[in-house]
There are 2 protein chains.
Amino acid sequence: MEKEKIIIDCFGCDNPESVIKGVAKTIRNLPEIKLIAAGNRKTIEEILKDEEFDKSRLEILDAEEIITNDDSPVDAIMHKKNSSLVQSFLRLKNDGEVAAMVSAGSTGAVLAGSSVILGRCEGVDRPALSAFLPTDDGKEVCLVDCGANVDCRPEQLLQFSKYGADYMRCVHGIAAPRIGLLSVGTEDKKGNALGKATFKLLKDSDLNFKGNIEARTVLCGDVDVVVTDGFAGNVLLKTIEGTANSMIKKTLYLLKKHLPKEYDGSFIKSAFAELMQQVDFNSLGGGVILGVKKVIVKCHGSSNSDTIFNSVRQAVKMLEGGFNKTLK
Amino acid sequence: MEKEKIIIDCFGCDNPESVIKGVAKTIRNLPEIKLIAAGNRKTIEEILKDEEFDKSRLEILDAEEIITNDDSPVDAIMHKKNSSLVQSFLRLKNDGEVAAMVSAGSTGAVLAGSSVILGRCEGVDRPALSAFLPTDDGKEVCLVDCGANVDCRPEQLLQFSKYGADYMRCVHGIAAPRIGLLSVGTEDKKGNALGKATFKLLKDSDLNFKGNIEARTVLCGDVDVVVTDGFAGNVLLKTIEGTANSMIKKTLYLLKKHLPKEYDGSFIKSAFAELMQQVDFNSLGGGVILGVKKVIVKCHGSSNSDTIFNSVRQAVKMLEGGFNKTLK
């Protein structure tokens, strides 16, 4: 990591100020990191003027325009040439010293830019979006695809499985990552037409394929990679989020209701603060765009400075683990 | 409900004894109900011999065979003629006094029997399986299809929406149930090929269509019916179950960890007992097979006596609300 730089797209997200402060935080906390912050120079300088960090390790890439969630992703990538995102992609593509990008901007635009500007790895049909979920045994499971490709062919799901396995091998040092195919039952013959065809491909592949897995056991830690199409993967991901929120609300309400009057409830707050850390997307970093020529971490639109720090750390782990070599 | 009877398939589930005890419990708690318990007469009589209930309101339908989850559903329906499930279906089909059936047996076999023995409503292409989920505002949302049809056409999703609306109208008295189409975003154009085509059909229908809904807001109570194909619906349903279990485990562990030593933790148990009631499938009754000629409630394979009681009560509500008339 001595020479490699990581570029942060600072705009197009819900809280650019938090993202920009995250740049300073990351430099403070990762002693050797060199970052490039892309976006309006004046705004970035203004937000960073009171932050203490080693300014020699930051470069600002001036870019006036912003791609928003309301823009058509492909149009925006084609026409908003001076946006923080397009400028980030161009630099990532053309500068051999820049090894990775982190963005909290429009998912569609990040995916479009990955294909249109940066380019796919050889033999890759479509890039995929992965998410990393905390498992019950304190590890994480890679879910791919979680929304990039809502209609898929079996060959694509096979590719997604390979990307996911590469990630878990490089970042977590798992020699033969266990692959599970999301289905409606664990039996070999369960599944929709796509699943049944994919099952055969996975079984004939040299991947460590563990068969079908049901959605209810995704968080149990039985497999390292869960592969599915982007529609079902997105449903799974957002259901986890919605259910976790709903459970937290219900549980807090009932704990307060049953708490004896003479007890101080502050320990409940502490327990939930720790719970939030375990299940919070911000503390987990971001998803990764798989199948493209460099490392791209796409974090949540509502990312804060912690997310940026965690996402950069995740990109560093990928680079140190040799993930960029798997892209060749 | 004076003359109508409800038939309970007592076997093919995880705990037939609990189901059979649930028959007695239901008769004790619903003063006018008449039930038929299908299954091995000796076993049923043995289990019920110490139960107190009005025996004049129970008939036993003797059936030796059992259809299990390992049987091929269609084969089992065709060949296990003396199974509790097939006998239940034959009685339901042929006896005008029997208005509904409750089964905790193999979902595939219940679906197969619904089509093969009982028969679909006129114009219905495929029956669907619905589930009812507790929303944050204390009501419930109907999810259809949650696993019966893993590959669907848009016209089927339109039919499922109609079934779901009928149910919510009859059982909950909602005049114009709000329909949401499960998608990867709330914008009109979001979705896979199936979703985009279904969106148009729903928009042109006379249903109260509220557009696309994301999985994360399914439990918020913004719509009364969520429609999707059986693959995504099954993923959604099982993800809720898995995430709820995972959250309960994590939260309990952290509460115990943070609980001050001098505090008695029994109030946490009380809070979680109430939480479990709210999120437990057993207390909610069962799913409903929609699109077939009579009322069929399919409850969880691990159903206990409470589930049976709740499922019969659910069937009664459907009959009292005139749901069987919508089937004509």
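Residues numbered from 1 in each chain as written. Chains lettered and ligands numbered in written order. Predicted model: local features only at pLDDT ≥ 70, side-chain atom pairs only at ≥ 80, totals over all residues. Heavy atoms only, no water.

Considering the pattern of salt bridges
Here is step 1 of the chain: Enumeration over the complete set of coordinates arrives at 40 salt bridges over all chains.
Here is step 2 of the chain: Residue A:Glu274 pairs with B:Lys257 through a salt bridge whose shortest N-O separation is 2.7 Å. Residue A:Glu274 is located in helix H9 (residues 266-279), and its partner B:Lys257 is located in helix H8 (residues 230-258); the two belong to separate chains.
Here is step 3 of the chain: Judged by relative accessible area, B:Lys257 falls into the partly exposed class, the value being 48%.
Here is step 4 of the chain: Through salt bridges with shared partners, a single network forms among A:Glu214, A:Arg216, B:Lys238 and B:Glu241. (Salt bridge = Lys/Arg side-chain N within 4 Å of Asp/Glu carboxyl O. Helix = DSSP H or I, 4+ residues; strand = E, 2+ residues; numbered from the N terminus. Buried < 20%, exposed > 50% of the residue type's maximum accessible area, 1.4 Å probe, protein only.)

Digging into the packing of aromatic side chains
Here is step 1 of the chain: Taken as a whole and assessed by the stated rule, the structure comprises 12 aromatic pairs over all chains.
Here is step 2 of the chain: Look at A:Tyr263 and B:Tyr263: their rings are 3.9 Å apart centre to centre, the planes differ by 10 degrees, and that puts the pair in the stacked class. Placement of the pair is A:Tyr263 in the loop between helix H8 (230-258) and H9 and B:Tyr263 in the loop between H8 and helix H9 (266-279), with the two residues belonging to separate chains.
Here is step 3 of the chain: Taken together, a centroid distance of 6.1 Å and an interplanar angle of 75 degrees make the contact between A:Tyr263 and B:Phe267 edge-to-face. Here A:Tyr263 is found in the loop between H8 and H9, whereas its partner B:Phe267 is found in helix H9 on a different chain.
Here is step 4 of the chain: For A:Tyr263, a relative accessible area of 17% puts it in the buried group.
Here is step 5 of the chain: A network of ring pairs unites the aromatic residues A:Tyr263, A:Phe267, B:Tyr263 and B:Phe267 as a single cluster.
Here is step 6 of the chain: One Lys or Arg, A:Lys55, reaches over the ring of A:Phe53 and ends 4.7 Å from the middle of that ring. (Phe/Tyr/Trp six-rings, centres within 6.5 Å; stacked < 30°, edge-to-face > 60°. Lys NZ or Arg CZ within 6 Å of the ring centre and 35° of its normal.)

Considerations on unusual backbone geometry
Here is step 1 of the chain: Omega for the peptide link from A:Val144 to A:Asp145 comes to 5 degrees, which places this bond in the cis form.
Here is step 2 of the chain: On the secondary structure map, A:Asp145 appears in the loop between strand E6 (140-144) and helix H6 (154-172).

Quick word on the packing of H8(B) against H9(B)
For any two helices packed against each other, the geometry comes down to the angle between their axes and how far apart the axes lie.
Residues and elements named next belong to chain B.
Here is step 1 of the chain: Look at H8 against H9: their axes get within 12 Å of each other, and the N-to-C directions meet at 170 degrees. On the basis of their axis angle, the class for H8 and H9 is roughly antiparallel. Each of Ile248, Thr251, Leu252 and Leu255 in H8 lies in contact with H9, whose residues at this interface are Ile268, Phe272, Leu275 and Met276.
Here is step 2 of the chain: Here the residues of the contact of H8 with H9 are counted per class, giving seven nonpolar, one polar and no charged. (Axes fitted to C-alpha atoms, helices over the stretch in contact; angles between N-to-C directions. Parallel < 35°, antiparallel > 145°, perpendicular 65-115°, else oblique. Contact = heavy atoms within 4.5 Å. Nonpolar A, V, L, I, M, F, W, Y, C, P; charged D, E, K, R; others polar.)

Some details on the packing of H6(A) against helix H7 (residues 193-204) of chain A
Residues and elements named next belong to chain A.
Here is step 1 of the chain: Here H6 crosses H7 at 50 degrees, and the two axes come no closer than 8 Å. For the element pair H6 / H7, the angle class is oblique. Between H6 and H7 the crossing geometry is right-handed. Counted together, Pro154, Glu155, Leu157, Leu158 and Ser161 of H6 and Leu194, Ala197, Thr198, Leu201 and Leu202 of H7 form the full contact between these two elements.
Here is step 2 of the chain: For the contact of H6 with H7, a count of residues per class yields seven nonpolar, two polar and one charged. (Left-handed = near helix turned anticlockwise from the far one by under 90°.)

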